[in-house]
Amino acid sequence: MITFDFKKYHYNEIEDTDLSDIKERFLKDKKMSGWYELDQSCVEAISSAASYIRNNCDVFLVIGIGGSYMGAKAVIDALSPYYGEKKLEILFAGYQLSSDYMADLIDYLQDKEVMVNVISKSGTTLEPAIAFDLILEFMEQKYGEDESSKRIFVTTDEKSGELLPLANQKGFQRFVVPDNIGGRFSVLTPVGLLPIAVADLSIKSLFAGALQAKENLEECYYYTMLRHELYNRNKVIESFDIYEPKLASFVEWLKQLFGESQGKEGKGIFPVSTINTRDLHSLGQYYQDGIDMIFSTTFFVHSDEDIYLEKYGKTLDTVNKLAMESVAQAHFEGHIPTSIITLDTISEENLGYLIFFFEMSAMLGSYLLKINYYDQPGVNGYKDILHRRIKEDE
Ligand code: PA5
């Protein structure tokens, strides 16, 4: 269960929050609205590939960048224990260009049983393309071409991109990124679902949570209007604040979802995040006392662990909650309006709910800003220069 408090630590209430007309407009514009359908037709194929993968490797390497890996990582990290031997390790690559990272990774993989999922909708993104070239070479040296082809899974566009002919030529098993779903909205497609299923998490429960969110849009409408209203009052930074570090990758995903969807045409709220209580002892000073431009969306998760602190007469979970409430109170007094989203536990269902909730809000908020939520023209800036520079230096 998830509860939303959008009132206690806010200065104003939002009166008009019915965004159903925008939803209707969005549904008419069919171009990139595929994520809204929550199509589950791939679940069986994904589950069967996932169980084959789980039974045949120690390391599952996911190669992708941006929307092609962040959703899966968000869900897997949120639902994984902090410590302990893992039957199957899930690693990520292709989201930066570090030589040290690739060298260490390939070294680490030498004596492991490895399977790979390369994910790129366009099939042309430089970072995963380079990582995959290196990993393909490693796999073919380690296993030979035939065996490698059984160990590599490709998730890409159905009809275009450079990965497609390679996948067909080598006989890699292929999963499709639907044409009408953009990267950062693709967690609940094969992009996110295969790695999540390989981690032995329930993709059916993720969908169940997402469907619940789809049927209960009032809180999502309120949140969307609230952040739009705050933005109009010059609160241009939204801080996603967590008190459970397992959600660190989830808030990274949120930053990508909102940053890439709404930061365009000189508009948009800048998304940041903190891991608390750690960051209260660093950025906390700025939040409380710095320039007045921040609002907070705080996540609190109740812990199932019953750790009693004799000295304080309270459980550790209670102390953590008191810390979150104290921060909300102090920040509110320091002009930081704060919304609180409380999860009874971290589960697939709750994460599915939040994924749909925030995807919906990112889309609706973009309509309010009158911008296209599914493109990312700004990202091409660095790409164009880099491609030119790589050619020049040849
Ligand atoms: O959200 C997006 O569309 C982007 O973040 C993409 O996912 C990212 O650029 C990776 O693109 P691709 O999957 O085409 O390699």
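The following paragraphs examine the structure supplied in this document. (Residues numbered from 1 in each chain as written. Predicted model: local features only at pLDDT ≥ 70, side-chain atom pairs only at ≥ 80, totals over all residues. Heavy atoms only, no water.)

**Remarks on the environment of Lys267**
Mapped onto the elements, Lys267 comes out in the loop between helix H10 (248–262) and strand S8 (270–275). Along the primary structure Lys267 and Ile371 are separated by 104 residues, whereas in three dimensions their C-alpha atoms are 8.6 Å apart. Within polar-contact distance, the side chain of Lys267 engages the backbone oxygen of Leu369 at 2.7 Å. (Helix = DSSP H or I, 4+ residues; strand = E, 2+ residues; numbered from the N terminus. Polar contact = N/O pair within 3.5 Å; in protein donor to acceptor, adjacent residues only side chain to side chain.)

**Notes on helix H4 (residues 99–109)**
In an α-helix, one turn spans 3.6 residues; hence positions three or four apart end up facing the same way. By the burial criterion, the buried members of H4 are Met102, Leu105, Ile106 and Leu109. End-on, the buried residues of H4 take up no more than an arc of 95 degrees, which puts them together on one face. The exposed set on the far side of H4, more than 90 degrees from its buried face, consists of Asp100, Asp104 and Asp107. Capping of H4 at its N-terminal end is provided by Ser98; its side-chain oxygen lies 3.4 Å from the backbone amide nitrogen of Asp100. (Buried < 20%, exposed > 50% of the residue type's maximum accessible area, 1.4 Å probe, protein only. Arc of directions from axis to C-beta.)

**Side note on the site of the ligand**
Around the ligand, a shell composed of 13 residues is seen, among which Ser68, Ser120, Lys121, Ser122 and Thr125 lie nearest. Ser120 is positioned such that a nitrogen or oxygen atom in its side chain is 2.6 Å from an oxygen atom of the ligand. Between the ligand and Thr125, the relevant distance is 2.5 Å, taken from an oxygen atom to a side-chain nitrogen or oxygen of the residue. When the free accessible area of the ligand is taken as 380 Å², the share hidden by the protein chains comes to 89%. Classifying every residue of the shell around the ligand gives one nonpolar, nine polar and three charged. (Near = heavy atom within 4 Å. Areas by Shrake-Rupley, 256 points an atom, 1.4 Å probe, with all protein chains shown as cover. Nonpolar A, V, L, I, M, F, W, Y, C, P; charged D, E, K, R; others polar.)

**Let's talk about the packing of aromatic side chains**
Here the distance between the centres and the angle between the planes together describe a pair of aromatic rings. Taken as a whole and assessed by the stated rule, the structure comprises 30 aromatic pairs. On the numbers, 5.2 Å between centres and 75 degrees between planes, the contact of Phe185 with Tyr373 is edge-to-face. Taken as a pair, Phe185 in the loop between strand S6 (173–177) and helix H7 (190–198) and Tyr373 in the loop between helix H13 (348–369) and helix H14 (379–392) lie far apart in primary sequence, 188 residues in all. A ring pair is formed by Tyr223 and Phe358, whose centres lie 5.5 Å apart and whose planes are at 90 degrees; its orientation type is edge-to-face. A residue pair is termed long-range when its members are at least 10 positions apart, and Tyr223 in helix H9 (residues 218–232) and Phe358 in helix H13 qualify at 135 residues. The exposure class assigned to Phe358 is buried, which follows from its relative accessible area of 0%. The ring of Tyr36 has Lys214 sitting right over it, with the charged end atom 4.3 Å from the ring centre. (Phe/Tyr/Trp six-rings, centres within 6.5 Å; stacked < 30°, edge-to-face > 60°. Lys NZ or Arg CZ within 6 Å of the ring centre and 35° of its normal.)

This is a description of form; function is not addressed.
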